[in-house]
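Breakdown of the fold
Given next are the chains, with one letter for each unit.
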Amino acid sequence: MIKPEAPIIPVHKSLADNETALKAVFHNCSDILFRPFHVNGSVQYLLIYLDGFTNASIMEQAIVPSLAALTAGLYGNMEESVYISPNQAELSSFKQIFCLNEASEAILEGKTVILVNGWEHALLADINEYKQRSIDEPSNEASIRGPREGFTEVLRTNTSMIRRKIKSPRLKFEPYRVGTTTNTQLVLAYVEGNVRTEVLEEVKNRIGRIKTDRIFDASYIEEYIEDYPLSIFPQVLNTERPDAVAASLMEGKVAILVDGSPNALVVPMTFWSGFQSAEDHYERFLYVMAVRIVRMMLVIIAMLLPSLYVALTTFHPQMIPLNLMMSIAASREGIPFPTVVETFLMELMFEGLREAGLRMPKAVGSAVSIVGALVIGEAAVQAGFISAPIVMIVAGTGIASFSFPRYSLALPFRLIRFPLLVAGGVFGFYGVAMGVVMILIHLVTLKSFGVPYLKPVAPATGNIFKDTLVRMHERLVKKNPG
């Protein structure tokens, strides 16, 4: 795709002029190779390709012999010599191009350009060979049942995995290029007839409005297209699983796949989709119903447990059973900090250990986080800096926070804990209640590409219990949104 602002440079008959123009474009690019072929002492053919992106064996077995045969006069033209080459089956693409702009872009994509003296067009051979990671199970979305394959960093590999699951001409992949310097490829995937027209047009408009010189990952696109950049809640769902993307497309959503990124973006996103795991549709629906209810309870624990404990012990001790309150008071004897301060410090320590475990090598990361939590917690209790119930509260909160199926949705709840903790330590139950009300007001006002964030709960649409809070049997769920 040629940028509209770039002047079109046609292919000239003079091979020297074409070579000079392309060398000016790729000035000081040592990885762009120009390979000439001589006839009677003068250059008549020129191969231009990107070193490390081209399959050398196919070039030597198919392209070079064809040039040699043409040089020897065995064939009348280049197309004939290539097409009847015994190795022509290895060429996945071979076409004519008529401007050097398209030739330069093709070279940067790993294709091979063939220029012939006296021709006003060039030949384009697709014999690229990317060094790519093999298809593995996604580490952030592992499942017991269901497919074990995840996206890679190669765009065409990712689209082929989706196409293998939806074998229909209604599945569309629209190509785009973003980033004036990086010239990154991305595709817009949707199922025609399922997707809402206004949502699709809005996605296209937002991608068209992206003005930047660099796009390296799908996360860059997410920041440009989300509705509320200052909100801590994600409005674009990201996933590494092709089956999750295929299911979303069948529900009428739009997926964005970016070359170089193993994550696909799915829009519009709702709050409830962040709590759904891909494995939910591979297990029996009764089990999934129970798991989703437990998951919602753990979310509430992860968000409110520290603040409720601080509010109860500081402002409302009469609401705690007497024996339990006496036990808590005995454990706090000699503690120099207020409850809110020691809880805040322990939460910070827990988050620090979690980040340390993620950033360190896998061989020692888990050991450091587990041993660090045990040693620091026990030492702090023995030294009298914190009380034993605080260790239990922080540990229970941390365990509950690991129940989120989507890492991107777990992050805002990890942040929300701290302001709610401060509100509970200053105002008691009233502060916690006001904080929860403000969060709900914020969630109600959010939208993702025109779709309310809490739909179908708020506003209620009548299908709350089909595949939102719980999952009903497959026979009871309408599959095609129409």
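Structure shown above.
Within each chain, residues carry numbers counting from 1 in the order of the written sequence. Residues qualify for local features only when their pLDDT is at least 70, as the model is predicted, and side-chain atom pairs are given and counted only at 80 or more; totals for whole chains, interfaces and linings, by contrast, use all residues. Neither water nor hydrogens contribute to the side-chain values; these are computed over all heavy atoms in the structure.

1. Some details on the nonpolar core
The following threshold applies: Nine residue types can take part in a nonpolar core, namely buried Ala, Val, Leu, Ile, Met, Phe, Trp, Tyr and Cys, and a core is a set of them joined through side-chain atoms within 4.5 Å. Think of it in three bands: with a 1.4 Å probe and only protein chains considered, a residue is buried below 20% of the maximum accessible area for its type, exposed above 50%, and partly exposed in between. Put simply, DSSP marks the helices as runs of H or I at least four residues long and the strands as runs of E at least two long, and each gets a number from the N terminus on. Between two residues, a contact is recorded if the distance between any of their heavy atoms is within 4.5 Å.
One finds Phe233, Leu249, Leu257, Phe271 and Phe413 to be the most contacted residues of the largest nonpolar core, which totals 40 residues. Contributions of two or more residues to this core are made by α5 (155-165), β7 (184-191), α8 (242-250), β9 (254-258), β10 (264-267), α9 (285-315), α14 (407-427) and α15 (429-445). Contact partners of Leu249, with chain neighbours within four places excluded, come to Ile162, Ile166, Leu171, Ala189, Tyr190, Val191, Asn194, Val254 and Ala255. Of all hydrophobic cores here, the second largest spans 21 residues; its members include Val199, Leu265, Val267 and Phe449.

2. Side note on the pairing of strand β6 (residues 171-178)
Looking along a regular strand, one sees side chains alternate from face to face of the sheet. So the rule is basically this: When DSSP finds two or more bridges between two strands, those strands count as paired.
Bridging between β6 and β7 involves eight bridges; their strand directions are antiparallel. Within β7, the position partnered with Arg177 by the bridge is Gln185. In this structure, the hairpin formed by β6 and β7 is closed by a connection of five residues, where Gly179 is found at a positive phi of approximately 90°.

3. Here's the deal with the packing of aromatic side chains
The condition is simple: Each aromatic pair joins two rings of Phe, Tyr and Trp (for Trp, the six-membered one) with centres within 6.5 Å, and gets the label stacked for planes under 30 degrees apart, edge-to-face for over 60, and tilted for any other angle. Criterion for a charge above a ring: Lys NZ or Arg CZ within 6 Å of the ring centre, and within 35 degrees of the ring normal.
Counted by the stated rule, this structure contains eleven aromatic pairs. Consider the rings of Phe233 and Phe271, whose centres lie 6.4 Å apart with planes at 65°: the pair is edge-to-face. Here Phe271 lies in the loop between β10 and α9 and Phe233 lies in the loop between α7 (218-225) and β8 (237-239), a separation of 38 residues in the sequence. A relative accessible area of 3% means that Phe233 is categorised as buried. Taken together, a centroid distance of 4.9 Å and an interplanar angle of 70° make the contact between Phe271 and Phe275 edge-to-face. Taken individually, Phe271 and Phe275 each receive the classification buried, so the pair is uniform in this respect. Among the aromatic residues, ring-to-ring pairing joins Phe233, Phe271, Trp272, Phe275, Phe404, Phe413 and Tyr453 into one connected group. Above the plane of the ring of Phe34 lies Lys23, whose end atom (NZ or CZ) is 5.4 Å from the centre.

4. With respect to the packing of α9 against α14
This is how the line gets drawn: Axes here mean lines fitted to C-alpha atoms, for a helix over just the part in contact, with angles spanning 0 to 180 degrees between N-to-C directions. Should an angle fall under 35 degrees it is called roughly parallel, over 145 degrees roughly antiparallel, and 65 to 115 degrees roughly perpendicular, with every other angle called oblique. Handedness of each helix crossing follows the sense of rotation of the near helix against the far helix: counterclockwise by less than a right angle gives left-handed, clockwise gives right-handed. Three residue categories are used. Nonpolar comprises Ala, Val, Leu, Ile, Met, Phe, Trp, Tyr, Cys and Pro, charged comprises Asp, Glu, Lys and Arg, and polar comprises the others, including Gly.
Where α9 meets α14, the closest approach of the two axes is 8 Å, and the angle between their N-to-C directions is 15°. Between α9 and α14, the crossing angle belongs to the class labelled roughly parallel. Crossing handedness for the pair α9 and α14: right-handed. Listed contacts from α14 to Val299, Ala302, Met303, Leu304, Pro306, Ser307, Val310, Ala311 and Phe315 of α9 are Phe413, Ile416, Arg417, Leu420, Leu421, Gly424, Gly425, Val426 and Phe427. Residue composition of the contact of α9 with α14, by class: 14 nonpolar, three polar and one charged.

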